[in-house]
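Architecture and fold: a report
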Amino acid sequence: GENVEQHPSTLSVQEGDSAVIKCTYSDSASNYFPWYKQELGKRPQLIIDIRSNVGEKKDQRIAVTLNKTAKHFSLHITETQPEDSAVYFCAASRNTGGFKTIFGAGTRLFVKA
Amino acid sequence: DTEVTQTPKHLVMGMTNKKSLKCEQHMGHRAMYWYKQKAKKPPELMFVYSYEKLSINESVPSRFSPECPNSSLLNLHLHALQPEDSALYLCASSQDRTGSNQGNYGYTFGSGTRLTVV
């Protein structure tokens with residue numbers, strides 16, 4: 001069945017360093033790849049997304065890359081800040097009715113001041 | 001209004017109780033979802049509604065019964081739950097452009113209902 005693998009499960013960086021989270025997906029029909037940030041005790045929030053017809057997208061300190069051939073996509077956070085500390089989920093979905101989205105297991109990011 | 005509102009925020013219920021979770025959005029989204037999230041785990045899909053019709057049921061036990069009375073509301077009726085059903089229940093909504101070349105859209109999640117079954 002559909003599956004999204006996410007690595008690493010935990011990531012600790014110094015403030016100002018970069019953080020990279022990687023995901024792979026199994027369903028070749030997936031065409032939309034959102035990333036969600038969930039702070040402790042709060043709701044997941046969409047932070048960036050990428051569609052299958054694009055290879056890279058950037059929004060200030062956050063960027064996402066997609067390699068459709070390899071079924072890989074990655075989140076890059078530059079100049080990390082303590083407020084970036086959270087759990088990050090990658091996800092993949094296809095264009096079916098209701099848009100079933102499969103989430104990765106999550107990466108707990110710690111940014112040390 | 002760019003939010004999804006869920007009530008109640010917390011719920012404690014016994015295994016013989018009947019209760020309902022409620023979700024409301026006024027963003028004009030025509031796809032609505034119920035997810036279950038256990039601690040330190042990703043959200044797990046339960047149900048998807050598209051244009052008020054149930055389009056996906058992820059083999060959820062019948063003790064969970066979804067309902068979509070109109071395009072803004074989504075309910076989850078609970079009956080005879082088990083302690084292992086204790087979790088954070090998240091509602092979400094998104095635009096639905098099925099069949100279009102505009103593709104999918106991200107979710108707006110509600111804050112969730114933290115359910116404890118005793």
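A short tour of the structure in this document, coming up.

Conventions adopted
- Residues numbered from 1 in each chain as written.
- Chains lettered and ligands numbered in written order.
- Predicted model: local features only at pLDDT ≥ 70, side-chain atom pairs only at ≥ 80, totals over all residues.
- Heavy atoms only, no water.
- Disulfide = S-S within 2.5 Å.
- Pairing = 2+ DSSP bridges.
- Helix = DSSP H or I, 4+ residues; strand = E, 2+ residues; numbered from the N terminus.
- Salt bridge = Lys/Arg side-chain N within 4 Å of Asp/Glu carboxyl O.
- Buried < 20%, exposed > 50% of the residue type's maximum accessible area, 1.4 Å probe, protein only.
- Axes fitted to C-alpha atoms, helices over the stretch in contact; angles between N-to-C directions.
- Core = buried A, V, L, I, M, F, W, Y, C linked by side-chain atoms within 4.5 Å.
- Contact = heavy atoms within 4.5 Å.

Description of the state of the cysteines
With the rule as written, the count across this model stands at 2 disulfides over all chains. We note that C68 of chain B lacks a disulfide partner, and the nearest cysteine sulfur, in C23 of chain B, lies 9.2 Å from it.

Observations regarding the pairing of strand 3 (residues 18–25) of chain B
All names here are of chain B. Relative to strand 3, strand 1 (residues 4–7) runs antiparallel, the two being bridged by 4 bridges. Each residue of the ladder has a partner; that of V4, found in strand 3, is Q25. Examined bridge by bridge, strand 3 and strand 8 (residues 73–79) share 7 bridges and lie antiparallel to one another. Note that in strand 8 the partner of K18 across the bridge is H79.

Quick notes on the pattern of salt bridges
Side chains that differ in charge, positive against negative, can pair when their charged atoms come close. All names here are of chain B. As enumerated under the stated definition, the model contains 5 salt bridges over all chains in all. For D85, the salt bridge identified is with R63, shortest N-O distance 2.7 Å. With a gap of 22 residues between them, D85 in the loop between strand 8 and strand 9 (87–94) and R63 in the loop between strand 6 (53–57) and strand 7 (64–70) connect regions that are remote in the sequence. Classification of D85 by relative accessible area gives buried; the value is 2%.

Some thoughts on the sheet that holds strand 7 of chain B
Residue and element names in this part refer to chain B. What the 4 strands build is an open sheet, ordered 1-3-8-7; its pairing is antiparallel. Each of the sheet's edge strands pairs with one partner strand only, and the pair in question is strand 1 and strand 7. Averaged over all pairs of adjacent strands, the angle between their axes in this sheet comes to 20 degrees, without regard to strand direction.

Looking at the nonpolar core
By size, the foremost hydrophobic cluster in this structure holds 24 residues, and its most contacted members are V4, W35, F73, L75 and L109 of chain A. Mapped onto this core, the elements with two or more residues apiece are strand 2 (10–14), strand 3 (19–25), strand 4 (32–38), strand 5 (45–51), strand 7 (62–67), strand 8 (72–77), strand 9 (86–93) and strand 11 (107–112) of chain A. When sequence neighbours within four positions are dropped, the list of residues in contact with L109 of chain A reads L11, V13, A19, I77, D84, S85, A86 and Y88 of chain A. Grouped together as the second largest cluster of nonpolar side chains are 22 residues, V4, L78, C91 and V117 of chain B included.

Quick notes on unusual backbone geometry
In this chain, H7 of chain A is followed by P8 of chain A through a cis amide linkage whose omega measures -5 degrees. One can find P8 of chain A in the loop between strand 1 (4–7) and strand 2. A cis amide bond links T7 of chain B to the next residue, P8 of chain B, at an omega of -10 degrees. Of note, P8 of chain B is situated in the loop between strand 1 and strand 2 (10–13). Positive phi, close to 45 degrees, is recorded for E79 of chain A, a residue that is not glycine. Position of E79 of chain A among the secondary structure elements: in the loop between strand 8 and strand 9. For E79 of chain A, a relative accessible area of 53% puts it in the exposed group. For S59 of chain B, which is not glycine, the phi torsion reads 55 degrees and is therefore positive.

What about the environment of L73 of chain B?
Residues and elements named next belong to chain B. Checked against the element boundaries, L73 lands in strand 8. Taking the C-alpha atoms as reference, L73 lies 9.7 Å from T5; in sequence the two are 68 residues apart. With near-sequence residues (within four places) excluded, L73 lies in contact with C23, E24, M32, E67 and C68.

So, the sheet that holds strand 3 of chain A
All names here are of chain A. Across the sheet, 5 strands lie side by side as 1-3-8-7-6; this open sheet has antiparallel pairing. Two strands in the sheet have a free side with no partner beyond their single neighbour: strand 1 and strand 6 (56–59). Averaged over all adjacent pairs, the angle separating strand axes in this sheet is 15 degrees, with direction ignored. In the sheet, strand 3 pairs with strand 8 via 6 bridges, with the strands oriented antiparallel. Across the sheet, residue C23 finds its bridge partner in strand 8, namely F73.

Some words on the pairing of strand 9 of chain A
Residue and element names in this part refer to chain A. Counting buried residues in strand 9 gives 8 out of 8 residues, a clear majority hidden from the surface. Here strand 9 pairs with strand 11 via 3 bridges, running antiparallel. Bridge pairing in strand 11 links Y88 to T107. Of the strand pairs in this sheet, strand 9 and strand 10 (residues 101–103) are connected by 3 bridges, and their pairing is antiparallel. Along strand 10, the bridge assignment pairs S93 with T101.

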